[in-house]
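# Commentary on secondary and tertiary structure
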There are 2 protein chains.
Amino acid sequence: MVVVGGGFAGLAAARALAPAGDTVEVTVVDRRNHHLFQPLLYQVAMAGLSPADISMPIRAVLERQRNAAVRLGEARDIDLDARVLHTDTGALPYDYLVLACGATHSYFGHDAWEPFAPGLKTLEQATEIRRRVLTAFELAELEGDRERRRELLTFVVVGGGPTGVELAGALGELSRHTLSRDFRRIDPSGTRVILIEGGPRVLPSFDPELSHSAARALERLGVTIWTETRVTHIDEHGVRAGDETVRAATVLWAAGVRASPLGRALGVPLDGAGRVVVEPDLSIAGHPEVFVLGDQAHALHEGAPLPGLAPVAMQQGRAAARNILADLRGVAREPFAYFDKGSMATIGRARAVAQSHRLKLDGLIAWLAWCFVHILYLVGFRNRLLVFIQWIWSYLRYRRGARLITQHDWRLAEPTITARAGASEADAKPAQVQP
Amino acid sequence: MVVVGGGFAGLAAARALAPAGDTVEVTVVDRRNHHLFQPLLYQVAMAGLSPADISMPIRAVLERQRNAAVRLGEARDIDLDARVLHTDTGALPYDYLVLACGATHSYFGHDAWEPFAPGLKTLEQATEIRRRVLTAFELAELEGDRERRRELLTFVVVGGGPTGVELAGALGELSRHTLSRDFRRIDPSGTRVILIEGGPRVLPSFDPELSHSAARALERLGVTIWTETRVTHIDEHGVRAGDETVRAATVLWAAGVRASPLGRALGVPLDGAGRVVVEPDLSIAGHPEVFVLGDQAHALHEGAPLPGLAPVAMQQGRAAARNILADLRGVAREPFAYFDKGSMATIGRARAVAQSHRLKLDGLIAWLAWCFVHILYLVGFRNRLLVFIQWIWSYLRYRRGARLITQHDWRLAEPTITARAGASEADAKPAQVQP
């Protein structure tokens, strides 16, 4: 049995097959060697945590599972009839195939915007965003021209979902608290952070009351929110939104997502975001041996497609594994039933919103719940401890420890991320780095 | 007053000028935004620590020093007569200039070797080495051909000084302990680690007894030591050393160093490694207002030039600051006197050697001393705590937490680091990354 993708869905499926022992043989294929805890990725982008704190080698996650093997490789194509997965490191025959390749950003047909407005799906993108943000402050400190300094200190976040809110809140905090003592010539609180949302409110998937509370918390951090505003153009000078042009050195993209292109190889319907429409048991029509999970899957829950969240992915991974084990035992499969534990988003220091069924929380209590849940789900004891310590330290000292500009030349002159038409896990990665 | 370089020497000089208060104005210029604790850089390369654990923003180091400012910029040239430092972010007039630009690797005229045998001076090089080493194991796991697998699992370290010994020991440990549970198909203890040294023994700057002890400890970790052996060629297939050709996918360079090329702008004699020959007070002949420190300086101690060590750099930084303050008070300068506290090198888990005057230590006690000294000198409470916790965890669990392959494509096919004829801090950095 082959699992493609070492994210939440793929690893949950692989781990749920552990009790089957030698009766199954699981191979997890990923083009990365590590599992990434994406819910905390924005903290890497905002210089709060290090890449290694939120990731773990897939081999280490599965090291005690004797019926699982890990293989580095990028999935290229699927031969459904022959039941063979083709990767760039060889062909893998399967009896069951579990696809959990995730999603990448979608620029709604404007892929030319990507170099100027990177998304946040991979560690490379996170360190690239960190580099851009910290470099903008450094260059503003050197800049004599007032207009250009204003441009360097203007940050635009496109998309008012949880990621956009987290990024905007962290940028507000970074400029007001963390960096305020670091710079002598500029006043980092002169920073402008603009959060642009197409719909009528931020956090549209949350209760309107919590959206309102989040918006007010963002505004207290100095974030300007533009709702009902569509971005019509992005280039190296900034953003055009509605009738307005905002000159900004840093633009971050947290708007649309698009599923891995590998789904196209399946010959079944895809939804508008490229997600594979799956049957109630999470397999695809005509091929009960092929499952599609997580961000790559379009699965219905109470009539609406499920969102791309870690709990959905993990529950689907376990459900797919249960259905495979049901086949092996000769009993009937069960349709996937999502148990909605609720959702949460953090805005900044001691500010978050959370909802679970009828319960709605905001402020400090929601933030503590957010911290607790994220530490709890982080894989690996070492990572948990390190993240916990860094959070305590940041909370007490208003600091961020990972303020590193690495890898690239620090000049902002040229965009350094370009789109990559990849196969497999399909996260956009820096394809070309200019010296 | 302008300080070029935020390493040990530059920061020590800047900090030692704090008591002078408003009578001096210090500007620290660096093309990086962070100070790097180089003695632990090999642990980043060997997946034990994260880049942010051993680095700290220069702004944060100096945040409370009111007479110091930090400026991102790469030094390009010096106009000694006009007393102006030219950087790519503008010209800086100075009354005193402190140059502490450090050193980079020297391939003894064979710069073509660099892509195949990266050195270890920057965070980018450390994460690149980490990527190469971890990728070699991943590809070996996939490889069917026995010869090619052997090549992938052969690691050559060129240079038997402290860095070479630390890298070789960590590679031995990584393959025997850390990764042994991670791989199913290969046996990581089949790894070959070869340490090549041109002289008659490893750690030539140490007492022969300690060299012997270090060599035995390395051999217990599975490292093969070739002394009196000169490398005559390096390419993508491996190393030619003496008459022998070793096919190896990973070659690491820890042999020669060369000082920053900025020294050439001074018009005073340089030594064979490009270091600026300084006067006893650490200034240069004919220009008492220009000091050269640390790895960039050729300063004599008991008739021999001082080695490129952190204690030398820190003591020189403080001495230069004292001499500047002496000028301001109108008293005579003092010649620099190095106080040799001793030196140490670590070989692996619970193994190190240390010497201080007549005291010689090896084994566990030397290792504990090494840990203590390195934690003590690491800048920043947060970094100290995080490194300490990760060491304890690694010690108890034989693990390395930062086993991440990032940034580059994971294929080993093409070399990804090329030489860069930089000015200023002169650390070789990845100039071009191929997708």
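Now for a look at the structure at hand. Model, not experiment: these values are computed from the prediction.

## So, the pattern of salt bridges
All names here are of chain B.
- Here the structure, examined in full by the defined rule, presents 32 salt bridges over all chains.
- The partner of Arg 31 in a salt bridge is Glu 74, with the nearest N and O atoms 3.5 Å apart. With Arg 31 in the loop between strand E2 (26–30) and strand E3 (34–36) and Glu 74 in the loop between strand E5 (68–72) and strand E6 (75–79), this residue pair connects regions lying 43 residues apart in the sequence.
- Looking at Glu 74, the relative accessible area reads 2%, which means it is buried.
- Across the pair Asp 327 and Arg 333 runs a salt bridge whose closest N-O atoms are separated by 2.6 Å.

## Observations concerning the pairing of strand E2 (residues 26–30) of chain A
Residues and elements named next belong to chain A.
- Burial analysis of E2 places 5 of its 5 residues in the buried class, the great majority of the element.
- Side chains Val 26, Val 28 and Asp 30 project from E2 onto one buried face, and the interleaved Thr 27 and Val 29 project onto a second face that is buried too.
- Of the pairings in the sheet, the one linking strand E1 (residues 2–4) to E2 comprises 3 bridges and is parallel in character. Within E2, the residue paired with Val 2 across the bridge is Thr 27.
- A crossover connection joins E1 to the parallel E2 through helix H1 (residues 8–16); in handedness this β-α-β unit is right-handed.
- Sheet analysis places E2 next to strand E5 (residues 68–72), joined by 5 bridges and oriented parallel.

## Thoughts on the sheet that holds strand E11 (residues 154–158) of chain A
Residue and element names in this part refer to chain A.
- Overall, parallel pairing links the 4 strands, which are arranged E13-E12-E11-E17 in an open sheet. Lying at the two open borders of the sheet, with one neighbouring strand each, are strand E13 (223–226) and strand E17 (250–253). Recorded for the sheet is a direction-independent mean angle of 20° between the axes of neighbouring strands.
- Alignment of strand E12 (residues 192–196) against E13, held across 4 bridges, turns out to be parallel. Pairing of Leu 195 across the sheet is with Ile 225, part of E13.
- Helix H4 (residues 123–142) rests against E11 and E17 of the sheet, and its axis sits at about 155° to E17.
- Helix-sheet contacts for helix H6 (residues 162–178) involve E11, E12, E13 and E17, and the interaxial angle to E12 is about 170°.

## So, the sheet that holds strand E27 (residues 359–362) of chain B
Residues and elements named next belong to chain B.
- Strand order in the open sheet formed by 3 strands is E25-E26-E27, with antiparallel pairing between adjacent strands. The strands lining the two open edges of the sheet, one partner per strand, are strand E25 (343–348) and E27. Neighbour to neighbour, the strand axes of the sheet diverge by 5° on average, direction disregarded.
- Two strands pair when backbone bridges link them, and strand E26 (residues 351–356) and E27 are joined in this way by 4 bridges, in the antiparallel orientation. Residue pairing for E27: Ser 356 is matched across the bridge by Leu 359.

## Comments concerning helix H7 (residues 208–220) of chain B
Residue and element names in this part refer to chain B.
- Between its terminal C-alpha atoms H7 stretches 19 Å, which fits the 18 Å expected from 13 residues at 1.5 Å a residue.
- For H7, the set of buried residues is Leu 210, Ser 211, Ser 213, Ala 214, Ala 215, Ala 217 and Leu 218.
- If you follow the buried residues of H7, they end up packed against helix H6 (162–178), strand E12 (192–196), strand E13 (223–226), E25, E26 and E27.
- Gly 222 occupies a position one or two residues after H7 and carries a positive phi of about 90°.

## Brief notes about the environment of Arg 71 of chain B
- Mapping Arg 71 of chain B onto the fold places it in strand E5.
- Each C-alpha atom, one on Arg 71 of chain B and one on Arg 32 of chain B, is 9.5 Å from the other, the two residues being 39 residues apart in sequence.
- Residues in contact with Arg 71 of chain B, not counting those within four places in the same chain, are Leu 142 and Arg 185 of chain A together with Thr 27, Val 28, Val 29, Asp 30, Thr 89, Gly 90 and Leu 92 of chain B.

## Remarks on the side chain of Gln 43 of chain A
Residues and elements named next belong to chain A.
- Tracing the backbone shows Gln 43 in helix H2 (residues 41–45).
- Among the residues examined, Gln 43 registers a relative accessible area of 11% and is labelled buried.
- Those residues in contact with Gln 43, other than ones at most four positions away along the chain, are Gly 48, Leu 49, Trp 370 and Trp 391.

## As for the environment of Arg 403 of chain A
- Relative to the assigned elements, Arg 403 of chain A resides in the segment after helix H10 (381–397).
- The exposure class of Arg 403 of chain A is buried, given its relative accessible area of 3%.
- It is 39 Å that separates the C-alpha atoms of Arg 403 of chain A and Phe 339 of chain A, two residues lying 64 residues apart in sequence.
- When sequence neighbours within four positions are dropped, the list of residues in contact with Arg 403 of chain A reads Ala 47, Leu 134, Thr 178, Leu 179 and Asp 182 of chain A together with Asn 33, Pro 57 and Ala 60 of chain B.

## Details of the pairing of strand E21 (residues 287–292) of chain A
Residue and element names in this part refer to chain A.
- Burial analysis of E21 places 5 of its 6 residues in the buried class, the great majority of the element.
- Pairing of strand E9 (residues 97–99) with E21, which is carried by 3 bridges, proceeds in the parallel orientation. Following the sheet pairing, Val 98 is matched in E21 by Phe 291.
- Where strand E20 (residues 283–284) and E21 come together, 2 bridges link them in antiparallel fashion. The residue bridging Ser 283 from the neighbouring strand is Phe 291, located in E21.
- Between E20 and E21, which pair antiparallel in sequence order, lie 2 residues; one of them, Gly 286, sits at a positive phi of approximately 85°.

## Some thoughts on the packing of H1 of chain A against helix H8 (residues 310–329) of chain A
All names here are of chain A.
- Between H1 and H8, the shortest axis-to-axis distance is 7 Å and the interhelical angle comes to 35°. The way H1 lies across H8 gives a crossing that is right-handed. Here Phe 8, Ala 9, Ala 12, Ala 13 and Ala 16 of H1 lie close against H8, whose contacting residues are Ala 310, Ala 313, Met 314, Gly 317, Arg 318, Ala 321 and Leu 325.
- Tallied by class, residues from the contact of H1 with H8 come to 10 nonpolar, 1 polar and 1 charged.

## Comments concerning the packing of aromatic side chains
All names here are of chain A.
- Here the structure, examined in full by the defined rule, presents 12 aromatic pairs over all chains.
- A centroid spacing of 5.6 Å and a plane angle of 75° characterise the contact between Phe 8 and Phe 37, whose relative ring orientation is edge-to-face. Of this pair, Phe 8 sits in helix H1 while Phe 37 sits in the loop between strand E3 (34–36) and H2, and the two are 29 residues apart along the sequence. The pair Phe 8 / Phe 37 is uniform in exposure class, with both members buried.
- Clustering of aromatic rings is evident, with ring pairs tying together Tyr 107, Phe 108, Trp 113 and Trp 253.

## Some points on the side chain of Ser 211 of chain B
Residues and elements named next belong to chain B.
- Note that Ser 211 resides in helix H7.
- Looking at Ser 211, the relative accessible area reads 2%, which means it is buried.
- Apart from residues no more than four positions distant in its own chain, Ser 211 is found in contact with Arg 201, Val 202, Leu 203 and Phe 206.

## Quick look at unusual backbone geometry
Residues and elements named next belong to chain A.
- Of note, Arg 83 is a non-glycine position whose phi angle comes to about 55°, a positive value.
- Inspection of the secondary structure puts Arg 83 in the loop between strand E6 (75–79) and strand E7 (84–87).
- Even without being glycine, Glu 302 reaches a positive phi, approximately 50°.
- Relative to the helices and strands, Glu 302 resides in the loop between strand E23 (300–301) and strand E24 (304–305).
- Glu 302 gets classed as exposed once you look at its relative accessible area, which sits at 77%.

How each quantity is defined
- Once a new chain begins, its residue numbering starts again from 1 and follows that chain's sequence as written.
- As they are written, the chains are lettered A onward and the ligands numbered 1 onward, keeping that order.
- A pLDDT threshold of at least 70 governs which residues receive local features in this predicted model, and a stricter bar of 80 or more applies before side-chain atom pairs are shown or counted, although totals over entire chains, interfaces and linings include all residues.
- Only hydrogens and water are set aside; all other atoms, that is, all heavy atoms of the structure, feed into the side-chain values.
- In what follows, salt bridge is the name for a side-chain nitrogen of Lys or Arg lying within 4 Å of a carboxyl oxygen of Asp or Glu.
- Under the DSSP-based scheme used, a helix requires at least four consecutive residues in state H or I and a strand at least two consecutive residues in state E, with every element numbered from the N terminus.
- For every residue, the accessible area obtained with a 1.4 Å probe (protein chains only) is divided by the maximum for its type, and the residue is called buried under 20%, exposed over 50%, and partly exposed between those limits.
- In this description, strands pair whenever DSSP reports at least two bridges between them.
- Seen with the strands pointing away from the viewer, any crossover whose path from the first strand over the helix to the second strand runs clockwise is right-handed.
- Note on geometry: axes are lines fitted to C-alpha atoms, helical ones only across the stretch in contact, with angles between N-to-C directions running from 0 to 180 degrees.
- Contact between two residues is taken to exist if any of their heavy atoms lie within 4.5 Å; hydrogens are not considered.
- One less than the residue count of a helix, multiplied by 1.5 Å, gives the span that helix is expected to have.
- A crossing counts as left-handed when the near helix is turned anticlockwise from the far one by less than a right angle, and as right-handed when that turn is clockwise.
- Following the grouping adopted for this structure description, the nonpolar residues are Ala, Val, Leu, Ile, Met, Phe, Trp, Tyr, Cys and Pro, the charged ones are Asp, Glu, Lys and Arg, and the polar ones are all others, Gly among them.
- Planes of paired rings set the category: under 30 degrees apart is stacked, over 60 is edge-to-face and the rest tilted, where pairs are Phe, Tyr or Trp rings (Trp by its six-membered ring) whose centres lie within 6.5 Å.

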